Amino acid sequence: MADFLEIFTAAFWSEYGSILLEEVWATLLMTSISTLVAYLIGLPMGVVMTLTQPHGIRPNQPVNTVLGWVINIGRSLPFIILMIAVFPVTTFLMGTKIGIRGAIPPLVISAAPFIARMVETALSEVDAGVIEAAQSMGASAFQIVWKVYLPEARPSLVLGGSVVLIAIVGYTAMAGTMGAGGLGDLAIRYGHQRNVPSVMWITVIFLIILVQVVQSIFSRISRRIDRRLDAGSTPLFGLLSLLSTHGK
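To keep things clear, this report deals only with the structure shown in the data block. (Residues numbered from 1 in each chain as written. Predicted model: local features only at pLDDT ≥ 70, side-chain atom pairs only at ≥ 80, totals over all residues. Heavy atoms only, no water.)

1. Regarding the packing of aromatic side chains
Moving on, step 1. Counting across every chain of the model gives six aromatic pairs.
Moving on, step 2. Consider the rings of Phe 79 and Tyr 171, whose centres lie 4.9 Å apart with planes at 10 degrees: the pair is stacked. One end of the pair, Phe 79, is in helix 4 (residues 79-85); the other, Tyr 171, is in helix 9 (residues 154-176), and 92 residues separate them in sequence.
Moving on, step 3. Ring centres 6.3 Å apart and planes at 5 degrees place the aromatic pair Phe 142 and Trp 146 in the stacked group. With a gap of four residues between them, Phe 142 and Trp 146 both fall in helix 8 (residues 141-152), about one helical turn apart.
Moving on, step 4. Taking the relative accessible area as the measure of exposure, Trp 146 reaches 54% and is therefore exposed.
Moving on, step 5. By the ring-pair criterion, three or more aromatic residues cluster together here, those being Phe 12, Trp 13, Tyr 16, Tyr 190 and Phe 206.
Moving on, step 6. When the ring centre of Tyr 190 is taken as origin, the NZ or CZ atom of Arg 194, which lies over that ring, is 4.3 Å away. (Phe/Tyr/Trp six-rings, centres within 6.5 Å; stacked < 30°, edge-to-face > 60°. Helix = DSSP H or I, 4+ residues; strand = E, 2+ residues; numbered from the N terminus. Buried < 20%, exposed > 50% of the residue type's maximum accessible area, 1.4 Å probe, protein only. Lys NZ or Arg CZ within 6 Å of the ring centre and 35° of its normal.)

2. A short note on a nonpolar patch on the surface
Moving on, step 1. Residues Ile 33, Leu 36, Val 37, Leu 40 and Ile 41 make up a contiguous nonpolar surface patch of roughly 420 Å² in combined accessible area.
Moving on, step 2. Looking at the element boundaries, Val 37 is found in helix 2 (residues 10-51).
Moving on, step 3. When its relative accessible area of 30% is taken as the criterion, Val 37 is described as partly exposed. (Patch = residues over 30% accessible without salt bridge, like charges linked within 9 Å, V, L, I, M, F, W, Y side chains within 5 Å. Areas by Shrake-Rupley, 256 points an atom, 1.4 Å probe, with all protein chains shown as cover. Salt bridge = Lys/Arg side-chain N within 4 Å of Asp/Glu carboxyl O.)

3. Structural notes on the packing of helix 8 against helix 9
The relative placement of two packed helices comes down to the angle between their axes together with the axis-to-axis distance.
Moving on, step 1. Interaxial distance between helix 8 and helix 9 falls to 5 Å at its minimum, and their mutual angle equals 60 degrees. Compared by their axis directions, helix 8 and helix 9 come out oblique. Contacts from Leu 150, Pro 151 and Glu 152 of helix 8 reach helix 9 at Arg 154, Pro 155 and Leu 157.
Moving on, step 2. Residue composition of the contact of helix 8 with helix 9, by class: four nonpolar, no polar and two charged. (Axes fitted to C-alpha atoms, helices over the stretch in contact; angles between N-to-C directions. Parallel < 35°, antiparallel > 145°, perpendicular 65-115°, else oblique. Contact = heavy atoms within 4.5 Å. Nonpolar A, V, L, I, M, F, W, Y, C, P; charged D, E, K, R; others polar.)

4. Observations regarding helix 10 (residues 182-193)
Moving on, step 1. Taking 1.5 Å per residue, 12 residues should reach 16 Å; helix 10 reaches 16 Å between its end C-alpha atoms and fits that length.
Moving on, step 2. Buried residues of helix 10: Gly 182, Leu 183, Gly 184, Asp 185, Leu 186, Ala 187, Tyr 190 and Gly 191, and no others.
Moving on, step 3. If you follow the buried residues of helix 10, they end up packed against helix 2, helix 9 and helix 11 (197-225).
Moving on, step 4. Backbone geometry just downstream of helix 10 places Asn 195 in the positive-phi region, at approximately 55 degrees. (Expected span 1.5 Å × (residues − 1).)

5. Observations concerning unusual backbone geometry
Moving on, step 1. With a phi close to 55 degrees, Asn 195 is a non-glycine residue in the positive phi region.
Moving on, step 2. Among the structural elements, Asn 195 can be located in the loop between helix 10 and helix 11.
Moving on, step 3. Take Asn 195: its relative accessible area is 59%, and that puts it in the exposed class.

6. A look at the pattern of salt bridges
Moving on, step 1. The final tally for this structure, using the stated rule, is three salt bridges.
Moving on, step 2. Taking the shortest distance from any N to any O, the salt bridge between Glu 23 and Arg 189 comes out at 3.5 Å. Pair noted here: Glu 23 is in helix 2 and Arg 189 is in helix 10, with a separation of 166 residues, a long-range link.
Moving on, step 3. Given the relative accessible area of 8%, Glu 23 is considered buried.
Moving on, step 4. In the salt-bridge network here, residues are joined through shared partners; they are Glu 23, Asp 185 and Arg 189.

This is the structure we're talking about:
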């Protein structure tokens, strides 16, 4: 208990405050960059998986099967094992396998398949009647994805985004055990190796706060965009307007 109470003393913050802020920033930087790059990869993968399903608008069983296997393999590898396995790739791409730069490739590789499956699940929940109506109006596959699938699935995609961010925060903590920096690295170096339990406690508290903030923000956004929209702002109405404009 005394170790926990130590985090409320001025002496603790005088000694570890700057280090904590530096590692919190490192965690946020790793999380934000990795999430952005992972979405640039995972979002198109999830869209392709949805379109190429047997009941999709562009059925293609070979593509769907191969991409599904790639996603499943990526999701099945524990992060620590994956991080070690891709050390050569990380070194080739980033010039180092440690630090923030060294953590980003394995974080992206680990998160992208997770995002792809989340996107596929969210898009699969879109009402098939809306998709059929868009097809009957002559909409292209790109128009259906951009004007129907993604707008209709926004609440699920936003909630899924919070799950992805929280998962990546957890991955950054594990990456810290391999010298990536961030709160995980701080907990190992000071909390474990130097036997400073108070530092371990404060890293846990910071991670809990970070997770709670992310979840609260994304849940609020999801609730706001999940409200019933008027007829002039529905995805189907927007698609109809687009097609009418192109037809003029």
